[in-house]
Amino acid sequence: MKLFSFEVPEPTEALPSIKSRYGILQWISSTDHKQLGILYLWVSLFFFLIGGFEAMLMRLQLAWPGLQIVSPQTFNELFTMHGTTMVFLVLMPTLIGLATYFLPLMIGANEMAFPRLNAMSLWMTLFGGLLLNFSFLAGGAPDAGWFSYAPLSEKNYSFSSGLDYYSIGLIVTGIGSIGAGLNFVITTLTMRIKGMRLRKVPLFVWMVFINSFLILAAFPLLNAGLVMLLIDRQLGSHFFLPNTGGSALLWQHFFWAFGHPEVYILALPGFGIISEVIPVFSRKNIFGYTTLAATTVFIALLSFGVWAHHMFVAGLGNPINTFFAAGSMLIGIPTGIKIVNWMATMWKGNIYFSTSMLFAVAFILDFTLGGLSGIAVAIVPLDWRVTDTYFVVAHIHYVFLGGTLFTIFAGIYYWFPKISGRMLNERLGKWHFWLFLLGFNMTFFLQHLLGFMGMPRRVFSYPDLPYYGILNLISSIGAVFMLIAVVIFIYNIFKSLRSGELAGNNPWNAWTLEWYTTSPPQLKNFETLPEVTSLRPVIDWEKQKVAQKS
Amino acid sequence: MNESIYHIFRSSSEDTDIMNELFFHFFIAALVVFILVAGFLIFIVRKYKSKKLEKDKYTVLENRSTERITLFIASVLVIVFLFLTVKVMFRIQQTPSEEQKPFVKITGHQWWWEIEYLGDTLFTANELHIPTGDKFVALMESADVVHDWYVPALGRKIDMVPGVTNFVWMQAREPGVYEGMCNEFCGAQHTWMRVEVFAHEPEEFEKWFQEQKQKAVEKPDTLFQKGKQLFQDKVCANCHTIRGTSAKAKVGPDLTHFASRNKMLGGKAEVNFQNIKDWIEDPQKMKHGAYMPNFLMTEEEINALAHYLHNLK
Amino acid sequence: MKIVFRQTKLLMQLFIASESLFFVALIIAYVYFRNFSDTWEASTNYLNVKRTAIFSIFLFSSSGTITIAKYALEKNKRKLLIFSLILTILLGATFVFGQVTEYMDLYNQEVTINQNIFGSAFFTLTGFHGFHVFLGLIILTIYLILTLLDVFRQRDPSSAFLAAEWYWHFVDVVWVFVFFIVYLMPLL
């Protein structure tokens with residue numbers, strides 16, 4: 001039956017590179033989880049540069065009161081696209097990409113459960129993102145903020161076609177994410193190596209696994225909301241138009257019922273990375289494996305019962321607010337336990353500060369701050385004071401940047417040797433780390449203060465009130481430091497890809513399965529594997545080998 | 001903090017007092033937690049730092065008691081702050097009783113505030129004048145998109161959601177000017193949707209209120225009359241109200257006592273002759289995205305109209 | 001059990017669970033607007049409950065015929081399989097036809113998606129269900145063609161059939177809820 005089988009140039013022996021025989025065709029037709037993982041990372045980097053450029057423009061505009069570098073309309077498009085890009089096209093694809101690459105390796109599988117679905121997920125993500133960004137060329141980008149509150153996002157108030165691109169683009173990437181989520185769950189459930197019981201998987205795998213359920217449950221809600229928004233805009237229905245019988249609050253409910261789990265979708269895999277990096281560089285076991293795994297489930301369940309804490313000022317009434325405040329504060333408990341467990345993992349270890357570990361430690365500190373400011377906005381009367389001011393801007397950046405992005409950097413410095421076979425340059429890495437840490441805290445710590453000084457978020461300018469100018473200027477200078485740090489990081493990647501020190505199979509002497517194979521792994525990850533008996537299979541096997549020899 | 005710094009902890013009402021108190025308690029708790037985490041982390045990092053990756057070392061350590069202690073401390077903190085949250089929340093956002101009639105209704109528009117004094121129907125715009133003293137209820141509505149009323153010193157912030165009537169308690173103990181702003185992103189000129197609240201002693205307020213209830217002033221000079229005529233001819237009256245004239249539309253702000261206000265365009269500019277002229281000449285130049293059209297008037301007409309508006313004290 | 005079969009089963013379970021939430025959201029919107037919107041006009045005034053009930057029976061019975069197809073596949077009865085698949089597709093197509101007539105009627109009564117909030121919620125909810133039925137018909141048709149072309153002589157048909165079958169039951173069950181909420185509840 002030749003009719004239904006297509007000959008695709010799939011890799012046969014070695015991992016292909018762009019220089020290989022099939023070249024780029026092989027990359028775009030690949031279903032190999034490693035290649036797709038790498039593509040995910042490149043896609044994220046591409047969008048990261050776009051989103052970062054938008055952020056820099058915004059900080060430039062806000063550097064001093066009364067500047068007119070971009071027009072108000074452009075500014076609104078910039079922050080909308082910055083938020084949307086960073087959440088949907090940078091953080092999510094990076095985390096999904098790392099999981100696509102390492103989840104099968106860590107459970108001793110050679111492939112994901114559905115390799116073609118895996119490829120589809122990647123391309124959906126990419127094309128959804130391109131569609132979203134195409135809006136810049138098609139008359140105007142979305143301009144109603146990344147959560148697009150109706151009715152501002154309706155045709156009557158947002159005239160360009162930007163929000164149509166927003167709806168369609170996010171639906172497309174959302175379908176891609178659902179595909180990835182399905183794949184992760186099923187791969188974890190069905191393809192683990194012999195002996196690796198579900199309660200013995202590495203924590204990164206566990207957290208991606210739990211996270212995938214969040215994706216599966218949250219994205220349909222977003223898609224439903226987006227579909228209604230799109231029908232409102234294109235076919236003239238009335239879902240979110242209050243003056244013709246619709247409801248503005250309904251959109252907020254749909255969006256945040258998705259949006260809050262989304263925050264944990266961005267956080268949990270990061271927690272997983274930290275739970276791999278910290279033990280390896282502390283030369284210790286992960287402290288409280290079971291607790292870390294259990295608290296993840298707890299967080300995932302709670303995350304669906306907290307969405308209305310984004311709507312404390314919407315006037316929902318005290319009883320509803322009480323319920324959601326309780327849920328939101330409760331999340332602080334498992335998260336706090338996690339933080340203590342990570343620190344306890346380092347306790348009495350031999351901590352080696354590679355760049356990866358530095359990012360992990362900085363993550364603990366910054367994420368604690370982000371968590372505490374998160375509790376502040378969970379306390380309803382304080383939310384009535386600070387929400388929608390720069391305090392919230394500071395909070396989300398402490399969670400997404402100081403939290404998730406730091407874990408991503410930690411993960412990339414940790415796993416780059418496995419992906420490329422070469423080490424990232426540690427000296428450049430440290431420059432990257434310190435500049436980024438300094439720039440990040442400079443930019444965003446002061447924004448807490450700006451929030452206390454009543455500066456609303458999403459303003460393209462501000463009155464020249466005392467200290468507004470200077471705080472914003474320092475904040476913008478911090479952004480420049482981050483820019484330099486990112487340039488160093490990218491330079492480091494390209495330099496190390498060419499001439500980095502060769503890594504060997506297991507440069508960190510780590511113990512999860514991905515370090516048992518070659519760097520980079522061959523097309524077939526593993527030929528044969530011994531049985532897994534503990535959380536530290538690679539160390540066990542080395543010991544067995546030594547014992548057999550003597 | 002220095003009084004000249006604008007900040008959200010300036011308090012002129014009971015509500016803001018107790019919110020500030022709650023904030024202070026939380027701030028102390030959060031600071032302690034953060035110092036504990038940071039201190040512990042720094043201690044570990046200094047003590048167990050190693051110059052190189054000790055490839056052969058591997059230690060195992062498990063101890064359930066730290067988890068229990070964390071669980072205990074975190075739970076206590078959550079319970080305490082949940083209790084405080086509920087207590088403060090129910091105290092601030094009390095449903096008004098029958099006697100507690102709402103005093104004003106504030107409606108958010110893109111990008112100005114419509115203010116209606118209930119009971120004794122009076123419409124003004126963009127500046128809220130209130131008497132000092134007891135707290136009162138204000139109703140919050142929106143004419144188009146979601147806005148958010150926030151004057152930090154007087155009370156909590158509250159969204160203005162189209163199709164929904166929210167209420168909020170406000171109070172000003174001392175007379176003075178209180179600045180506030182729209183806090184929910186509401187479109188192109190969200191930035192310039194600020195508001196000033198003027199709190200007067202009750203007698204002062206009564207005086208102001210009676211003044212505002214007057215119809216618009218009449219002046220005999222020709223420029224004024226010409227401006228008044230232009231206001232009708234150039235369809236300004238299709239959107240604005242000036243009581244005492246035939247202008248009765250309510251799309252844009254009420255202009256009856258326009259020149260008595262301090263600022264115009266949502267706090268973007270002061271009310272003076274030059275600004276009014278600039279605004280009429282090219283609204284988009286002054287406030288990009290604003291809904292007022294450019295009527296392409298001659299210099300002479302602009303002068304007359306600005307003169308007229310500038311005299312509506 | 002073969003691993004591919006197990007994976008397909010899991011895939012369909014999770015996919016259906018996820019997709020159900022999409023419909024749950026649309027149903028929530030419908031019910032919300034029915035109960036809280038000022039401009040809601042009683043749906044019973046426009047909807048033809050009897051006719052839709054009859055067409056629903058076609059859809060429900062197609063769940064039965066696809067079960068026959070499953071039996072035929074297990075027992076390797078090729079003719080019965082093809083027959084019951086064709087029957088399923090025809091029943092499904094009849095239901096879609098019924099939906100089209102319902103839409104035409106509403107259109108003639110000037111009830112459209114942009115007419116009022118009832119129209120918006122009704123057409124979005126039933127439209128997305130109809131869209132899913134339509135996709136199911138395509139899936140079944142592809143499966144039928146593959147069977148006719150004897151593709152499954154070399155390949156195991158069970159997991160592909162499982163996916164199609166479960167998806168079809170899924171759109172059926174969704175219609176049970178939609179029909180109850182949209183058509184029957186106003187009568188109660």
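Residues numbered from 1 in each chain as written. Chains lettered and ligands numbered in written order. Predicted model: local features only at pLDDT ≥ 70, side-chain atom pairs only at ≥ 80, totals over all residues.

Undergrad: Is there a simple way to explain the overall build of chain B in this structure?
TA: Helix and strand counts for chain B come out as 7 helices and 13 strands. Computed over C-alpha atoms, the radius of gyration of chain B comes to 27 Å, more than 25% over the 20 Å expected from 2.2 N^0.38 for 313 residues, which places it beyond the range of a compact globule. Referenced to the eigenvectors of the C-alpha coordinate spread, the extents of chain B come out at roughly 95 × 50 × 40 Å. In chain B, buried positions account for 36% of the 313 residues. Long-range contacts, defined here as pairs at least 24 residues apart, represent 64% of the contacts in chain B between residues at least 6 apart. (Helix = DSSP H or I, 4+ residues; strand = E, 2+ residues; numbered from the N terminus. Rg over C-alpha atoms; globule rule 2.2 N^0.38 Å. Buried ≥ 20, exposed ≤ 12 C-beta atoms within 10 Å, placed from the backbone. Contact = placed C-beta atoms within 7 Å.)

Undergrad: I'm lost on the overall build of chain C in this one. Help?
TA: Each helix and strand in chain C was counted, giving 5 helices and 0 strands. Written out in order from the N terminus, the α and β elements of chain C read α-α-α-α-α. The principal-axis extent of the C-alpha atoms belonging to chain C is close to 60 × 30 × 25 Å. Counting over 188 residues, chain C shows a buried share of 35%. Taking as baseline every contact in chain C between residues at least 6 positions apart, the subset at least 24 positions apart corresponds to 84%.

Undergrad: Just to check I follow, could you spell out unusual backbone geometry for this structure?
TA: Note: most peptide bonds trans; most residues except glycine with negative phi. Residues and elements named next belong to chain A. Note the cis peptide between Ala 150 and Pro 151, where omega equals 0°. Within the fold, Pro 151 resides in the loop between α4 (115–134) and α5 (162–190). Here the bond from Ser 519 into Pro 520 is cis, since omega is -10°, no more than 30 degrees from zero. We note that Asn 509 has phi near 55°; this positive angle belongs to a residue other than glycine.

Undergrad: How should the packing of helix α13 (residues 426–452) of chain A against helix α14 (residues 468–499) of chain A be read in this particular structure?
TA: Packed helices, taken two at a time, are described by their axes: the angle between them and the distance between them. All names here are of chain A. Two elements in contact, α13 and α14, have axes whose closest approach is 7 Å; the angle formed by their N-to-C orientations is 155°. With respect to α14, the axis of α13 lies roughly antiparallel. Considering the relative orientation of α13 and α14, their crossing is left-handed. Looking at side-chain class alone, the contact of α13 with α14 contains 21 nonpolar, 8 polar and no charged residues. (Axes fitted to C-alpha atoms, helices over the stretch in contact; angles between N-to-C directions. Parallel < 35°, antiparallel > 145°, perpendicular 65-115°, else oblique. Left-handed = near helix turned anticlockwise from the far one by under 90°. Nonpolar A, V, L, I, M, F, W, Y, C, P; charged D, E, K, R; others polar.)

Undergrad: I keep staring at the interface of chain B and chain A and nothing clicks. Help me out?
TA: Frequently, the measure chosen for interface size is the accessible area that the parts lose on association. Each side of the interface is counted separately: chain B has 73 residues, and chain A has 75 residues. Secondary-structure elements contributing two or more residues to the side of chain B that touches chain A are α1 (14–47), β1 (49–50), α2 (64–92) and β8 (158–160) of chain B. For the side of chain B that touches chain A, the leading source of residues is α2(B), giving 15 residues. Class assignment of the residues belonging to the side of chain B that touches chain A gives a composition of 42 nonpolar, 18 polar and 13 charged. Taken together, the 2 bridges between strand β1 (residues 351–352) of chain A and β1(B) define a ladder with parallel strand orientation. In the strand pairing of β1(B), Tyr352(A) is matched with Ser50(B). (Pairing = 2+ DSSP bridges.)

Undergrad: Before we go on, may I ask you to explain the arrangement of the chains in this structure?
TA: With 2 pairs of chains in contact, the largest contact count belongs to chains A and B. Separating chain B from chain C is a minimum C-alpha gap of 10 Å, and the two share no contact.

Undergrad: Would you mind going over the sheet that holds strand β10 (residues 176–182) of chain B with me for this structure?
TA: Strand pairing in a sheet takes place through backbone hydrogen bonds and is either antiparallel or parallel in direction. All names here are of chain B. With mixed pairing, 5 strands are arranged side by side in an open sheet as β5-β11-β10-β7-β8. The sheet is open, and its two edges are formed by β5 (127–131) and β8, each paired on a single side. Taking each pair of neighbouring strands and ignoring which way they run, the sheet shows an average axis angle of 25°. Relative to strand β11 (residues 194–200), β5 runs parallel, the two being bridged by 5 bridges. The partner of Ile 130 across the bridge, within β11, is Ala 199.

Undergrad: How should I be thinking about the pairing of β10(B) in this particular structure?
TA: Each regular strand carries side chains that alternate between the two faces of the sheet. Of the pairings in the sheet, the one linking strand β7 (residues 147–150) of chain B to β10(B) comprises 2 bridges and is antiparallel in character. Paired with Tyr150(B) across the strands is Met181(B), a residue of β10(B).

Undergrad: It is not clear to me how the interface of chain A and chain C should be interpreted in this structure. Could you clarify?
TA: On the side of chain C, 29 residues touch chain A, which itself brings 29 residues to the contact. At the level of elements, α5, α6 (203–235) and α7 (248–282) of chain A are the ones that each hand at least two residues to the side of chain A that touches chain C. If one sorts the elements of the side of chain A that touches chain C by residue count, α6(A) sits on top with 9 residues. Looking at the side of chain A that touches chain C residue by residue, the class counts come to 20 nonpolar, 9 polar and no charged.

Undergrad: What is the right way to look at the environment of Ser519(A) in this model?
TA: All names here are of chain A. Note that Ser 519 resides in the loop between α14 and α15 (537–549). Along the chain, Ser 519 and Asn 506 lie 13 residues apart, while their C-alpha atoms are 8.0 Å from each other. If sequence neighbours within four positions are ignored, Ser 519 has contacts with Pro 417, Lys 418, Gly 421, Ala 503, Gly 504 and Asn 505.

Undergrad: What is the right way to read the sheet that holds strand β6 (residues 136–142) of chain B from this model?
TA: All names here are of chain B. In space, the 5 strands of this open sheet follow the order β4-β3-β2-β6-β9, with mixed pairing throughout. Looking at which strands have only one partner, the edges of the open sheet turn out to be β4 (122–125) and β9 (166–170). Shown here is a sheet whose adjacent strand axes are inclined to one another by a mean of 25°, direction ignored. One ladder, built from 6 bridges, connects strand β2 (residues 104–109) with strand β3 (residues 112–117); its direction is antiparallel. Paired with His 109 across the bridge in β3 is Trp 112.

Undergrad: I tried to follow helix α3 (residues 72–106) of chain A on my own but got confused; where do I start?
TA: Side chains three or four residues apart in an α-helix point the same way, a direct result of the helix having 3.6 residues per turn. Residues and elements named next belong to chain A. When the terminal C-alpha atoms of α3 are compared, their 48 Å separation across 35 residues agrees well with the 51 Å that a helix rising 1.5 Å per residue should span. The largest bend in α3 is about 35°, located at Met 86. The element α3 is extensively covered by neighbouring structure, given that 33 of its 35 residues are classed as buried. Looking one or two residues past α3, Gly 108 carries a phi angle of roughly 75°, positive in sign. (Expected span 1.5 Å × (residues − 1). Bend = angle between axes of the 7 residues up to and from the residue.)

Undergrad: Mind showing me how you'd approach the domain arrangement of chain B here?
TA: Residues and elements named next belong to chain B. For chain B, the domain assignment lists domain 1 (14–47 + 64–92), domain 2 (104–212) and domain 3 (222–310). Between the C-alpha centres of domain 2 and domain 3 the distance comes to 22 Å. Facing 18 residues of domain 2, the contacting portion of domain 3 comprises 16 residues. Secondary structure elements with two or more residues in the side of domain 2 that touches domain 3: β3, β4 and β11. Along the lines of polarity and charge, the residues of the side of domain 2 that touches domain 3 split into 8 nonpolar, 6 polar and 4 charged. (Domains from an automatic or database assignment.)

Undergrad: In this structure, what is going on with the confidence of the model for chain C? I would like to understand it.
TA: For residues with low pLDDT, the predicted coordinates do not support detailed interpretation. Per-chain confidence: chain C averages 91 in pLDDT, with 98% of residues scoring 70 or above. Taken together, the chains of this predicted complex give a pTM of 0.93 and an interface ipTM of 0.93. (pLDDT = per-residue confidence, 0-100.)

Undergrad: What is the right way to look at the nonpolar core in this model?
TA: Core analysis: the largest hydrophobic core is formed by 316 residues, its most contacted members being Val277(A), Phe359(A), Phe363(A), Ile379(A) and Ala410(A). Broken down by element, the residue count for this core peaks at 23 residues, all from α6(A). (Core = buried A, V, L, I, M, F, W, Y, C linked by C-beta atoms within 7 Å.)

Undergrad: What am I meant to see in the packing of helix α10 (residues 355–378) of chain A against helix α12 (residues 390–420) of chain A here?
TA: Residue and element names in this part refer to chain A. In contact at an axis separation of 8 Å, α10 and α12 are set at 160° when each is read in the N-to-C sense. In terms of their interaxial angle, α10 and α12 are classed as roughly antiparallel. Where α10 crosses over α12, the handedness of that crossing is left-handed. Looking at the contact of α10 with α12 residue by residue, the classes come out as 17 nonpolar, 9 polar and 1 charged.

Undergrad: I'm lost on helix α2 (residues 49–74) of chain C in this one. Help?
TA: Residue and element names in this part refer to chain C. The first and last C-alpha atoms of α2 sit 38 Å apart over 26 residues, in line with the 38 Å expected at 1.5 Å per residue. Every buried residue belonging to α2 is among Phe 55, Leu 59, Ser 62, Thr 65, Ile 66, Ala 69 and Leu 73, and all of these are buried. Where α2 terminates, the next one or two residues include Asn 76, which has phi positive at roughly 65°.

Undergrad: How should the environment of Tyr103(C) be read in this particular structure?
TA: In this structure, Tyr103(C) sits in helix α3 (residues 78–108). Counting along the chain gives 23 residues from Tyr103(C) to Thr126(C), while the straight-line C-alpha distance between them is 9.9 Å.

Undergrad: What is the right way to look at the environment of Thr188(A) in this model?
TA: All names here are of chain A. Examined against the element boundaries, Thr 188 turns out to sit in helix α5. Distance in space between the C-alpha atoms of Thr 188 and Ala 109 is 9.3 Å, their sequence separation being 79 residues. Aside from chain neighbours lying at most four places away, what touches Thr 188 is Leu 103, Ile 107, Val 201, Val 205 and Phe 209.

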